[in-house]
Amino acid sequence: LGTTSLGQDIFSQLVWGSRLTLIVGLLTGAIASTIGVVIGLVAGYFGGWVDDVLSTVTNVFLVVPGLPLMIVIAAYITVKSVAPIILVISITGWAWGARVLRSQMLTMKNRDFVKAAIVAGEHPLRIIFCEILPNMLGLIVANFFGAALYAVLSEAGLEFLGLGNVNAITWGTTLYWAQNNQAMLLGQWQWMAVPGLLIAILGTSFALLNFAVDEMTNPRLRG
């Protein structure tokens, strides 16, 4: 892959930068998925004013464009490190998962095993997280991988705009320095193209992992 304009090895930067990129993606995906699972399941199960309040909050985050909101929040954060980026992406990336899980909960709560648990006097939170949650594992995993890929793309976008810590080595900062040093004009296309290709490959791998989890959790797909 050659070197940068400063003589730095591009391949080594991409390998080393994958660590921080994956940390941001997986950690942010876990946080956003947890928020979405809790809000979506609680809103769908309890209904009434609880559903109205949580659905209103969810709709607000769905209506507001994600990338512009992230740019505004990141621009006002003075600490330039990975932690604020994880926080910003987690805050803006949970709503769509909560909406999907709420819809699924509206269907699941009318199943016979849920009604039997209610008649048995089980606590609502135990019904939600012990009886219903395991039956949504495939959907939750899909939500996690979707949020993780969204986090990787968002981190790359914020770093590309210089709103993160440009001194850290990630796929996003690699794109930032490639753009700043006019890599395409100098014929160093691989400096900018390869990080984008790696992000696409990562998204494909997340999709394949999601298919594998679907086959494990849904017996009808094993054939």
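Above this text is the structure in question.
Enquirer: What am I meant to see in helix α9 (residues 171-180) here?
Expert: Burial analysis of α9 places 7 of its 10 residues in the buried class, the great majority of the element. Trp 171, Gly 172, Thr 173, Thr 174, Leu 175, Tyr 176 and Ala 178 are the residues of α9 that are buried. Buried residues along α9 sit against α1 (10-46), α8 (137-160) and α10 (189-217). The N-cap of α9, judged by a side-chain oxygen 3.2 Å from the amide nitrogen of Gly 172 a few residues on, is Thr 170. Backbone geometry just after α9 places Gln 182 at a positive phi near 50 degrees.

Enquirer: What am I meant to see in the environment of Leu 133 here?
Expert: You can see Leu 133 is positioned in the loop between α7 (124-132) and α8. On a C-alpha basis, the gap between Leu 133 and Leu 41 in space is 8.3 Å, while along the polypeptide they are 92 residues apart. With residues near it in sequence (within four places) discarded, Leu 133 still touches Val 37, Leu 41, Ile 128 and Ile 140.

Enquirer: What am I meant to see in the packing of aromatic side chains here?
Expert: Two measures describe an aromatic ring pair: the distance that separates the ring centres and the angle between the ring planes. For the structure on display, the rule yields 5 aromatic pairs. Note on Tyr 45 and Phe 46: the rings are 5.3 Å apart at their centroids and 90 degrees apart in plane angle, and the pair reads as edge-to-face. By relative accessible area, Tyr 45 is classed as buried at 13%. For Phe 46, a relative accessible area of 39% translates into the label partly exposed. Here Phe 61 and Trp 94 contribute two aromatic rings whose centre-to-centre distance is 5.2 Å and whose plane-to-plane angle is 55 degrees, an arrangement assigned as tilted. Of this pair, Phe 61 sits in helix α2 (residues 48-63) while Trp 94 sits in the loop between α4 (82-92) and α5 (95-108), and the two are 33 residues apart along the sequence. The partly exposed category is assigned to Phe 61, whose relative accessible area is 27%. Residue Trp 94 is classed as buried on the basis of its relative accessible area, which comes to 5%. Here the aromatic residues Phe 144, Phe 145 and Phe 206 are joined through ring pairs into a cluster of three or more.

Conventions adopted
Residues numbered from 1 in each chain as written. Predicted model: local features only at pLDDT ≥ 70, side-chain atom pairs only at ≥ 80, totals over all residues. Heavy atoms only, no water. Buried < 20%, exposed > 50% of the residue type's maximum accessible area, 1.4 Å probe, protein only. Helix = DSSP H or I, 4+ residues; strand = E, 2+ residues; numbered from the N terminus. Contact = heavy atoms within 4.5 Å. Polar contact = N/O pair within 3.5 Å; in protein donor to acceptor, adjacent residues only side chain to side chain. Phe/Tyr/Trp six-rings, centres within 6.5 Å; stacked < 30°, edge-to-face > 60°.

In short, the description is geometric, and any link to function would need to be established separately.
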